[in-house]
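Coordinate analysis (summary)
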Amino acid sequence: MYAKIEAERLLFIRPNQKKLRVDEYIHLKDAITNDTSDPANHGKFVILPSTFTGCPRNMHEYAQDAITYVRHGGKPSLFITYTFNPNCKEMAQNLTNGQSKTDRHDLVARIFQQKLIKFINVLVKGQVFGSVKYWLYSIEWQKRGLPHSHILIWLTNTLKSNQIDDIISAEIPNPSTDKNLYNIVIKNMVHGSCGAFNSLSPWIYLFN
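Summarised in this report is the structure supplied together with it. Since the structure is predicted, the reported quantities are computational estimates derived from the model, not experimental observations.

Observations concerning the nonpolar core
Counting residues in hydrophobic clusters, the biggest one holds 21 residues, and the most contacted among them are I80, F84, M91, I151 and I153. Elements that contribute at least two residues to this core include exactly β1 (78–83), α5 (105–124) and β3 (147–155). In terms of residues, this core owes the most to one element, α5, which gives 9 residues. Apart from the residues lying within four places of it in its own chain, the contact partners of M91 are F84, P86, K101, L107, V108 and I111.

A word on the side chain of N58
Within the fold, N58 resides in helix α3 (residues 56–73). Looking at N58, the relative accessible area reads 7%, which means it is buried. Once residues within four sequence positions are removed from consideration, N58 is found in contact with S50, F52 and T53.

Focus: the sheet that holds β3
Sheet strands pair via backbone hydrogen bonds, and the direction of the pair is either parallel or antiparallel. With antiparallel pairing, the 3 strands of this open sheet are ordered in space as β1-β3-β2. Each having just a single partner strand, β1 and β2 (132–141) make up the two edges of the open sheet. Neighbour-to-neighbour, the strand axes of the sheet open up by a mean angle of 20°, direction not taken into account. Bridge count for β1 against β3 is 6 bridges, and the pairing is antiparallel. Looking across to β3, one finds that T83 is bridged to H148.

How each quantity is defined
- Residues numbered from 1 in each chain as written.
- Predicted model: local features only at pLDDT ≥ 70, side-chain atom pairs only at ≥ 80, totals over all residues.
- Heavy atoms only, no water.
- Core = buried A, V, L, I, M, F, W, Y, C linked by side-chain atoms within 4.5 Å.
- Buried < 20%, exposed > 50% of the residue type's maximum accessible area, 1.4 Å probe, protein only.
- Helix = DSSP H or I, 4+ residues; strand = E, 2+ residues; numbered from the N terminus.
- Contact = heavy atoms within 4.5 Å.
- Pairing = 2+ DSSP bridges.
- Axes fitted to C-alpha atoms, helices over the stretch in contact; angles between N-to-C directions.

Next comes the structure, spelled out in structure tokens:
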């Protein structure tokens, strides 16, 4: 269905090239100037506007936005990776007739997007780490078909070195002081033996 939607967008862009002022694009001018042959032999360029998701101009625009953040805000304060949990209850409730997550990429994408927006709202509006000045994220898809997001956050008050241990922990929580967090880490982040000891050991992620 999305391929049909994309084809319709491309079909609209092709006959509306004049509205994009394609004769002003430098690469097209260079081709005509440097090649002594008949310009008619160059073929007809179809320029995709930056509003077309995934095209080179669109990606370049996003990259420039990210560079602008660094230029004005300096180094980001936090780098957070948010990964989709295929075993979340929303997936289980909507799979039918023996389906698996690999059968419903539409569900995976929609559920992940909603959870990601909620997660960012908690970080930014909830000010979990303090007041946020800038933030941005990118989404990547793994070969198994599951998405994860890399999030950069610029805090108004930059973190000090003595605050790192309050934010990042590489230890299993103490079950006597925080039983709930302990259960979450043990369930989602400890996968047991792997490799030659257990070839069926799955990678399960922290965030639901």
